[in-house]
Structure formats: structure tokens, C-alpha cells
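Each chain, written out:
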Amino acid sequence: MPNLTVLESLNAAMAHELEHDPDVVLMGEDVGQAGGIFRTSQGLQQRFGSARVIDTPLDEKGIVAHAIGMALYGLKPIAEIQFSGFIHDAFEHIMFCAARYRWASGGQYSCPMVIRAPSFGGIKGGLWHSQSVEAYFVHHGGIKILVPSTPQDAYGMTIAAVRDPDPVLLVEPVPLYRALSAEVELDGQPIEIGKASVLRQGDDCTVLTYGPIRHWVAEVADELAAERGYQAEVIDLRSLIPYDIECILSSVRKTGRVVIVHEAPLSLGYGAELAAVIQDKAFGYLHTPIQRLAAPDVPYHFSIGDEYYRPSRDRIRAAIERTMEYEI
Amino acid sequence: MARKRGGPSGTGRKQDKAIVCPLARAEELGIRQVIDQDGKLTGDLPEPDLDRETLIRLYEMMVLVRAIDERGWTLQRSGRVEFWIPHRGLEAVHNAATIAFTMEDWIFMGYRHPGTLLLRGAPLVQLFAQYFGRRDEPFKGRRLPTLMGDRRLNVVPMTTQVGSYIPHACGAAWAAKIKRHDTRFLAMFGDGSSSRGEFHSGMNFAGVFKPPIVFICENNGWAVSTPTDVQTASATFAEKGDAYGVRNLRVDGNDALAVYAVTREARELAPEIGASLIEAVTYRMGFHTSSDNPDLYRSKADVEAWEPWDPLVRLRKYLEHKGFWAEAEEEALWQRCKDEIQAAIEEAEAMPLPEPASMFDDTFAEPTWMLEEQRAALLDDLGGKA
Ligand SMILES: Cc1ncc(C[n+]2csc(CCOP(=O)(O)OP(=O)(O)O)c2C)c(N)n1
């Protein structure tokens, strides 16, 4: 198996789909000749031509809106938004067009398409280049939301997204693009949408997370097991819509303690839904209040954001300890 | 105007054929000029009425701004500044446009326009404090290096989403008109920005409501790796104004005198006719940003075609012809710029970073209980560290 970075895995998945399905096209700002500003699509235009790997004008709304038209006609567009911080211009088209065509046409039309949104902090990008935008898109149905955080997940979830019959928002982990590599099975197989992955088993506490910080959460859990004997079960949700309710509930029933960690802002963030559904479906199993650790409800700070805006390792550790040591 | 190959600035994909700088065909392409490549009057636009002191100040600022770019680049490459957006070759447009306005006028600046702040009186150390993300600069270290502004100087910072501020600028100018103020407005943005809906909305409102504003589309040939002919099929960016009933023209963006002349004229006309759209034809000599690699998408020959049209050299030759400048002064000027920059770097680098809790400030005029609680939780977790 080849050892690939997250970036190379995304590239390999897109190349696989472009090669095997003539209806797949990739479009966005600078994705063609230059191979994307991160080089995610390096070499793809050279290989598949400029009619299928398309440099567009600088217009996020236009990119998504035209991709919708392509999807209606039968193509399977992959639309890249250069940074998720610039996706909001296309919000109307993503949430109220792509995610609505099926329902609003009585099931006659649909928009199978992928919107790629490079996301998350950690690259000293300041507010527009470090955003976690997923919570804006989880509010109503019609669009699936995937968050791969390993090379294999990036590969398999991109393939799943392209083949899904509905629009999919692929929330990509920019800080891991080059920082993380692993052996990847290039089998052309999709990863099933809606399945979480259990990174670490444990009986004492369930930690629910997703995105690049899932790696910190797993490391901190290992340290706490070695130092304090706290056995945390760490779950990377990977798929936010739909989410893996079975996996979550079976863990919570076992541990009775829950910590939720994400790097998007706290209030009405994704963790709020998780806390609500857990108290609804597993209230009798809980020993402690559900705790959320998230970014504050403010913009991402350029010079100190990477250190203090995202939940740090220290804060993740403190949150797990608080939950483990909670006294009624 | 005839449609030509290669888009509004002649910039197309990597190609083998000989590349001619569009400024060499200015007349044919409707690009207005005051001086030619050698700083001699072309006879097209009249020579603007600028005194010796102003001309020298303009030239010295263009040199200072170039020196800032050279130093900023090396600071980024050595890891002392996190990020850099180069502005080499773009010194004429923003500096000449800035001096066409009064201090009461408002400017919406872009990220390649440091001279705008300096010409309005910002100290050099303020810029470097911003580049280093320090606490004591107007944005308190919150924004990416080169994204600047300063309310005290009537310079509104750009929104990082390129082009978003075009309607903001238009709305501000409209407000001044409603309030019967004589404030005039300048908004500068790139060719790529003209593809966004905001450009079209801004032009449309500007045509209808006639606010006192000058839009400068700095056509530098590229939006990251995207050449102008992928950005638009229009022969020029200026002519987009025609569709909206906005007065428009093209100017040589490497001719500081021409930029000044047409911008000043547009400013003077603004109370009567409303908006003007000026397409300044220039070229991004540097990388898009410090994260870019232009070798992937443009040829060296393309860049070389623009070298002889360097805006600094052209203005200097003009000054020399007028007897306002001597070659001997050149070295001293550069040395002075470098010394000033070095002093500013030393002072700025020694300044403190923002405190963690400060990221909660300015979210609202008064923080909500929600933010207060989140701030307390952060400080709690940080213990002694905050
Ligand atoms: C809405 C939006 N999309 C994408 C980006 C990323 N981006 C930053 S600069 C840039 C190119 C802008 O080109 P142009 O307006 O011509 O200005 P230039 O950089 O050439 O001065 C892009 C795509 C952004 N800042 N905003």
C-alpha cells in the first residue's frame, strides 16, 4: 500500500472518480493549471483535460450555482471552494437550491454533487482562512456533511461523496493536508456514509469529536490512561449528517460520561445537537452532565488563534479530567 | 474596441509566442497615458499640475513601498512574518490614486496598498506591527499581515473576501450624498474581484444612485493563477461600466501621473456625475502571496515583457527630465528607506502579542453574558498563563 498524505489521498480519489465516471467534473478557482492553491488537484487537468478539470472565474456563488445546473443535467460536479471562509457567498445555492431540488420537485430532480470546503485552523490563517463552517450547514436536511481526518478517510469519503445521490459537503482538514500521511488502500471503494470510527476504546468516559483535533483528543486520552488510569473512549464522528447514533449511544450506555470537543464555536454548535440527543435517548445512563469544549463565539484571531481559539491539548485534558472527577 | 486575444491585459496561459506588453500598444488599446517608457510626455493626457514637492513625495513613497515589499518577503521567507502579499510593480496605482483625494475623503483599500496608509500619515512602525501581528496596532493583531486600514485616517480595512467591499464603499458614498456631505470615496480592488456578484451589484447601484465614488479595478493580469482571459470574455474591465451606466476608462497603471490625472478628474466630477470605474492596467510582478508558486502557471517571458515598464523607473526619468531628481540621489533614498524599515522592524518586533482574553473584545459594543462566561472558562483553563 502506498504511503500518502491527506492531500495525495484526496487527489487519488478524485483521479479515480474522474477516470471511472465520465460524468465527473472538477471545478473551482485555480484548480486546473495550478492544481489548486493547496495542490489538491495537481496534475488532474493535465490528465483529464480542461473541459473536465475547470478553472473558473473568481465567484463562489457562481461556481456552486453552475455546478447545480450541471448536476440537474446529469453531470456529477465536484465544486471546490478555495477556503471554507468564502463558502457563505454560495449559501443560498447550497442550502436552498442544491439541498431542496429533490424535495421541491416532488422527487423528480436531484443534485448529486460534492462541495469541497478546506476548513479548520492551525495554519496561521486568520479569520477567513481558518473557519469551521459545518454548523451553518447542518440545520436542515437535503445535504450530507462529511469530515475526513485521515488519508484513508479522505480517500474513501471523497469517493462516497461523489457517488452519493444527494449533495455532499466535504469538510476538508487543511492543517492535516501535508502534515499527516499513512498507508492508503487505493481500492476505489467508498467509505459508508454515516459511520463513526472508534479511535480508542474505554469504559470510563465517551469523548465525541471530529476534524483535525480528533488526533489531539486521542493522544490526550492515551496520556490520561497512562498517567491517571482514566479510560476514555474516543469517537471520531466523521459524518455529521447523518451521524452514527448507534455508535454514540452504545458508548454512552457503557461509560455514562460524555465530553464533546470541536473547534467550531460553542453556542448552538454541532455539540449542542449531540448533547440534546444523548440526554433524550440515554438520560438514564448518564452519571455526569454532558460537557462541551469548543471555540468561543468570536472570530478566529490571527496572531493568537492557533494557540488559544481552538481547544488546545491542555484544555482537552482539563475537560476530560473535570468530567472524570465530577462530584454531584 | 476590438476584442483581442489573451484577455484584457494580454495575459493568457503559458505560451511560446512573443509577448508584447499591452502598455506598448496603449493607444490602440485605449489605455490613457501621460508619460511613455522613458518618462517623456506622450501627448495623450495633459501633464498633471503637481508641484515639485508633491512629485518627489510620490516618488519617494513608491520607492519606500517597494523596499517594504523586498523586506517583507525576506521576513516571511525567514519565518519572522507569517504571510506576505507582494505588491512589486503595483506601486503607481495606489499611491497616485491616494494623493488624488483629500484626508476627509474615504478610501477602501486592498492588501497590496501600504502606501495609502503611509501617505495619509501612518507611521511605518504601525505597518510592521500589523505584519508581526502585534497588540498595539489598529486591528490589535487580529488580521492577516497586509490586511490593513485605520479609521483615524479614513481608510476602511478590506473584508478578506475579495470584492465584498465594493457595495460597502458604494453604500458609504451614497450615505455621504444623502447626508449632503462633500466627502468623496475611492475603492480599489483587483480584476478577479470583478467576477463576484458584489462588483455587479455595486456598479448597478452606483449607476442608479450616482454616489460620489471612484472605483479602481487594478487589473494586474492575475487572480492567483487565473489569467484575465479566464476571468472574463470582455475585452476590457472598464467597459463593464457601460452596461451599468457608469462612466469608465482605462489607464496605464504603471504611469503614476496618468493614474493621478484620471483619478483626480473622476473625483472632481463625482458630485455631478456620481461614480467612475477606472481600469488601471498593470502587472503583478511578484507571487500572488508567499504561499504561491507562479512557475506552475506563468512564463518568465510574460513577466519580462513588463520589466521595461517599471513604474518607479518611469516616474524617476520624468523627474530627471524636469530637473527635479538626479541619479546621485537614488542611492541615498534607497539607503534611507532601508534604514527606516530596519528601525521600524526592530521597534515592532519588540512589541507584545495580544493577550488571549483580548480575542473576546469588540465582538459587541458590550459583551454578552455568553461571551463573559466563555472568557472566564478560557482564563480558568489557562490558569497562570493568561
Ligand atoms: C471571495 C473570495 N474568494 C477567494 C479568495 C481567495 N483569494 C484571495 S486573493 C484572490 C485573488 C484575487 O484576485 P484579484 O481580485 O485580481 O486581486 P489580486 O490578488 O490580483 O490583487 C483569491 C482567489 C478570497 N480572498 N475571497
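As the structure is a prediction and not an experimental result, all values here were calculated from the model. (Residues numbered from 1 in each chain as written. Chains lettered and ligands numbered in written order. Predicted model: local features only at pLDDT ≥ 70, side-chain atom pairs only at ≥ 80, totals over all residues. Heavy atoms only, no water.)

S.K.: How do you make sense of the overall build of chain A when you look at a structure like this?
M.R.: Of regular secondary structure, chain A possesses 12 helices and 14 strands. Taking 328 residues into account, the globule formula puts the C-alpha radius of gyration at 20 Å, and chain A, at 20 Å, falls close to it. Overall, the C-alpha framework of chain A stretches about 60 × 45 × 40 Å when taken along its three principal axes. Counting across all 328 residues of chain A, residues that qualify as buried make up 63%. Here the analysis covers contacts within chain A between residues at least 6 apart in sequence; of these, 82% occur between residues at least 24 apart. Accessible area for chain A stands at about 12,000 Å²; split by element, carbon and sulfur atoms hold 52% of it. (Helix = DSSP H or I, 4+ residues; strand = E, 2+ residues; numbered from the N terminus. Rg over C-alpha atoms; globule rule 2.2 N^0.38 Å. Buried < 20%, exposed > 50% of the residue type's maximum accessible area, 1.4 Å probe, protein only. Contact = heavy atoms within 4.5 Å. Areas by Shrake-Rupley, 256 points an atom, 1.4 Å probe, with all protein chains shown as cover.)

S.K.: Before we go on, may I ask you to explain unusual backbone geometry in this structure?
M.R.: In this structure, the amide linkage connecting Ile241 of chain A to the following residue, Pro242 of chain A, adopts the cis form with an omega of -5 degrees. Considering the arrangement of structural elements, one finds Pro242 of chain A in the loop between β12 (239–241) and α9 (245–255). If you check the backbone angles, Phe120 of chain A has positive phi at about 80 degrees while not being a glycine. We note that Asn154 of chain B has phi near 55 degrees; this positive angle belongs to a residue other than glycine. With respect to the element layout, Asn154 of chain B can be found in the loop between α5 (124–131) and β3 (155–156). Take Asn154 of chain B: its relative accessible area is 22%, and that puts it in the partly exposed class.

S.K.: So what exactly am I meant to see when it comes to the interface of chain B and chain A here?
M.R.: Note on interface size: it is often stated as the accessible area lost on association of the parts. Chain B puts 45 residues into the contact, and the matching count from chain A is 37 residues. The largest share of the area that chain B buries against chain A comes from Leu296, Met359 and Asp381 of chain B, three residues that together contribute 18% of it. Counting every contact that joins chain B to chain A gives four salt bridges. One salt bridge in this structure joins Asp89 of chain A and Arg196 of chain B, with 3.2 Å as the shortest N-O distance. In this assembly, chain B and chain A are joined by 11 residue pairs in polar contact (both at pLDDT 80 or more). Of all the secondary structure elements, the ones that give two or more residues to the side of chain B that touches chain A are α8 (228–231) and α14 (369–382) of chain B. No other element matches α14 of chain B, which puts seven residues into the side of chain B that touches chain A. (Buried area = accessible area lost by both parts, 1.4 Å probe. Salt bridge = Lys/Arg side-chain N within 4 Å of Asp/Glu carboxyl O. Polar contact = N/O pair within 3.5 Å; in protein donor to acceptor, adjacent residues only side chain to side chain.)

S.K.: Can you help me understand the site of the ligand in this one?
M.R.: Lining the immediate surroundings of the ligand are 20 residues, of which Glu60 of chain A together with Tyr111, Arg112, Gly192 and Ser193 of chain B lie closest. In this structure, the ligand sits where chains A and B come together, each supplying nearby residues. At 2.9 Å from a nitrogen atom of the ligand is found a main-chain nitrogen or oxygen belonging to Thr160 of chain B. Take Ser193 of chain B: an N or O atom from its side chain is 2.7 Å from an oxygen atom of the ligand. For the ligand, the accessible surface in isolation is 580 Å², of which the surrounding protein chains cover 95%. Across the shell around the ligand, the residue classes break down as seven nonpolar, eight polar and five charged. (Near = heavy atom within 4 Å. Nonpolar A, V, L, I, M, F, W, Y, C, P; charged D, E, K, R; others polar.)

S.K.: What is the right way to look at the domain arrangement of chain B in this model?
M.R.: Domains assigned within chain B are domain 1 (22–354) and domain 2 (357–386). Between domain 1 of chain B and domain 2 of chain B, the C-alpha centre-to-centre distance is 38 Å. (Domains from an automatic or database assignment.)

S.K.: Explanation requested: the packing of aromatic side chains in the structure shown.
M.R.: In this description, a pair of aromatic rings is defined by centroid distance and the angle of the planes. For the structure shown, the criterion picks out 20 aromatic pairs over all chains. Relative to Phe86 of chain A, the ring of Phe83 of chain A has its centre 6.2 Å away and its plane inclined at 85 degrees; by these criteria the two rings are edge-to-face. Judged on exposure class, the residue Phe83 of chain A and its partner Phe86 of chain A are both buried. Judged by centre distance (5.9 Å) and plane angle (65 degrees), the rings of Phe189 of chain B and Phe199 of chain B are edge-to-face. You can see Phe189 of chain B sitting in strand β4 (residues 185–190) and its partner Phe199 of chain B sitting in helix α7 (residues 197–209), a full 10 residues away along the chain. Across the pair, Phe199 of chain B and Phe189 of chain B agree in class, each one buried. Grouped by ring-pair contacts, the aromatic residues Phe38, Phe83, Phe86 and Tyr177 of chain A constitute a single cluster. Taking the ring centre of Phe302 of chain A as reference, the NZ or CZ of Lys124 of chain A above it sits at 5.8 Å. (Phe/Tyr/Trp six-rings, centres within 6.5 Å; stacked < 30°, edge-to-face > 60°. Lys NZ or Arg CZ within 6 Å of the ring centre and 35° of its normal.)

S.K.: So what exactly am I meant to see when it comes to a nonpolar patch on the surface here?
M.R.: A cluster of nonpolar side chains, contributed by Phe205, Val208 and Phe209 of chain B, occupies part of the molecular surface with about 270 Å² of accessible area. Mapped onto the secondary structure, Phe209 of chain B falls in helix α7. (Patch = residues over 30% accessible without salt bridge, like charges linked within 9 Å, V, L, I, M, F, W, Y side chains within 5 Å.)

S.K.: Is there a simple way to explain the nonpolar core in this structure?
M.R.: A general trend in soluble globular proteins is that nonpolar side chains are found buried together. With 76 residues, the main nonpolar core has Ile87, Ile94, Met113 and Leu169 of chain A as its most contacted residues. Looking at which domains feed residues into this core, each of domain 1 (3–183) and domain 2 (197–324) of chain A gives three or more. In this structure, Ile87 of chain A is in contact with Ile81, Ile94, Ile115, Ala117, Val133, Phe137 and Leu169 of chain A, ignoring residues within four places of it in sequence. Residues Val65, Ile68, Ile216 and Cys337 of chain B belong to the second largest nonpolar core, which totals 70 residues. (Core = buried A, V, L, I, M, F, W, Y, C linked by side-chain atoms within 4.5 Å.)

S.K.: Is there a simple way to think about the side chain of Arg142 of chain B in this case?
M.R.: Here Arg142 of chain B is to be found in the loop between α5 and β3. Overall, Arg142 of chain B belongs to the buried group, its relative accessible area being 19%. Of note is the side chain of Arg142 of chain B, whose polar atom sits 3.2 Å from the backbone oxygen of Ser358 of chain B. Not counting residues within four places of it along the chain, the set of residues in contact with Arg142 of chain B comprises Tyr300, His301 and Phe302 of chain A together with Glu137, Ser358, Asp361 and Asp362 of chain B.

S.K.: I'm lost on the domain arrangement of chain A in this one. Help?
M.R.: Residue and element names in this part refer to chain A. Here chain A is partitioned into domain 1 (3–183) and domain 2 (197–324). On a C-alpha basis, the centres of domain 1 and domain 2 stand 26 Å from each other. Contact residues are listed per partner, giving 25 residues for domain 1 and 23 residues for domain 2. Between domain 1 and domain 2 the total buried area reaches about 2,000 Å² when both faces are included, carbon and sulfur atoms providing 62% of it. Interface area lost by domain 1 to domain 2 is led by Lys124, Val138 and Val147, which between them contribute 25%. There are 14 residue pairs in polar contact (both at pLDDT 80 or more) connecting domain 1 and domain 2. Those elements giving two or more residues to the side of domain 1 that touches domain 2 turn out to be α6 (134–137), β6 (144–146) and α7 (151–163). Of the residues contributing to the side of domain 1 that touches domain 2, the split by class is 14 nonpolar, seven polar and four charged.

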